[in-house]
Amino acid sequence: MSEVAAAHLEVEPQESPLTPESWGKLGMWLFLAGDAMSFGCLIVGYGILRHASNNWPVPKDVLGINLTAFMTFLLIISSVWMVLALEAIQVNNKARFNKFLGLTILGGAMFLGCQAYEWTHLLGHRLPELGISFSSSLFASTFFILTGFHGMHVTGGVIYNTSVLAAVNRGRYQAKHVEIAGLYWHFVDLVWILIFTFVYLL
Amino acid sequence: MSSTTHSSAQYIKIFYILLVLTIIEVAIVYLGLPKMLLAALLVSFAVWKAALVAMHFMHLKFEKRTLAVVALVPFVLCVFLILMLMPDIFPH
């Protein structure tokens, strides 16, 4: 790394009234705002297609609400584990941090496992039984785009959290980096809360 | 960052609220309520839960205004998006 780049890592830019507490945090928030627009456009598009369609199935008759309620529970509790991990690293309790971030990652991985099961079941059994095909039904295509886009975010989050866990243990990351990773993870949880309501329950 | 503003106990409390709201959401789907009432209830519960996550887990409640402004932008733009699409949604 060049000396200039190293100096930039050490020195935070000068304060102004708009200067946030942390530039990394502001950067993550800006990314999340953009990402929220991606999800926003998909959800609004979903709403319009559903409104314009006259043979939209009742989601709870096609999809498994109980499994996805459990998946919601997994993401919510892994969000709680994430804040507990952050709290532990802020007081430098490495053992507690490792335990809770490990649990967070496990929660995310279990969510993905449930989603893989759900997709396999829908594509292999449920949708063919109902005569709904992936390629010709708006219900199916909007469902797979929305949950798939979110599932990719969970996959990214699991990889992100795992690399943060490794970097903290090698002494390269501190509490502020964990907080930024936490923002991403809670955002993924927040979006799922909306998808669960709009796609599964409504 | 002080430990008085958000503590483990507070996080666990938020977790239970989120859990109870989710259970209520799933339960009312099976009640067979009128469609509009059900939609209104579900959307309010979802927004309530999303706000709890943003305020407490993402610490928005304890941050400078700058981040809150950033967080609000996508919601304003989404409302704008829906308004712009109104002629397509209700063509008459």
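Just so it is clear, the structure is predicted and the values come from calculations on it, not from any experiment. (Residues numbered from 1 in each chain as written. Chains lettered and ligands numbered in written order. Predicted model: local features only at pLDDT ≥ 70, side-chain atom pairs only at ≥ 80, totals over all residues.)

(A) Local environment of the overall build of chain A. Of regular secondary structure, chain A possesses seven helices and zero strands. Across chain A, helices and strands are ordered from the amino to the carboxyl terminus as α-α-α-α-α-α-α. Taken over the C-alpha atoms alone, chain A extends approximately 60 × 35 × 30 Å along its principal axes. Relative to its full complement of 202 residues, chain A shows a buried share of 36%. Contacts in chain A between residues at least 24 apart in sequence constitute 77% of all its contacts with a sequence separation of at least 6. (Helix = DSSP H or I, 4+ residues; strand = E, 2+ residues; numbered from the N terminus. Buried ≥ 20, exposed ≤ 12 C-beta atoms within 10 Å, placed from the backbone. Contact = placed C-beta atoms within 7 Å.)

(B) Main features of the interface of chain A and chain B. Facing 36 residues of chain A, the contacting portion of chain B comprises 34 residues. Top contributing element to the side of chain A that touches chain B by residue count: helix H4 (residues 65-90) of chain A, with 12 residues. Classifying every residue of the side of chain A that touches chain B by side-chain character gives 25 nonpolar, seven polar and four charged. (Nonpolar A, V, L, I, M, F, W, Y, C, P; charged D, E, K, R; others polar.)

(C) Structural view of unusual backbone geometry. Non-glycine residue Asn92(A) carries a positive phi angle of around 65 degrees. By C-beta crowding, Asn92(A) is classed as exposed, having 10 other C-beta atoms within 10 Å. One non-glycine residue, His59(B), lies in positive phi territory at about 60 degrees. Along the polypeptide, His59(B) turns up in the loop between helix H2 (35-57) and helix H3 (65-89). C-beta crowding within 10 Å serves as the criterion here: with 20 such atoms nearby, His59(B) is assigned to the buried category.

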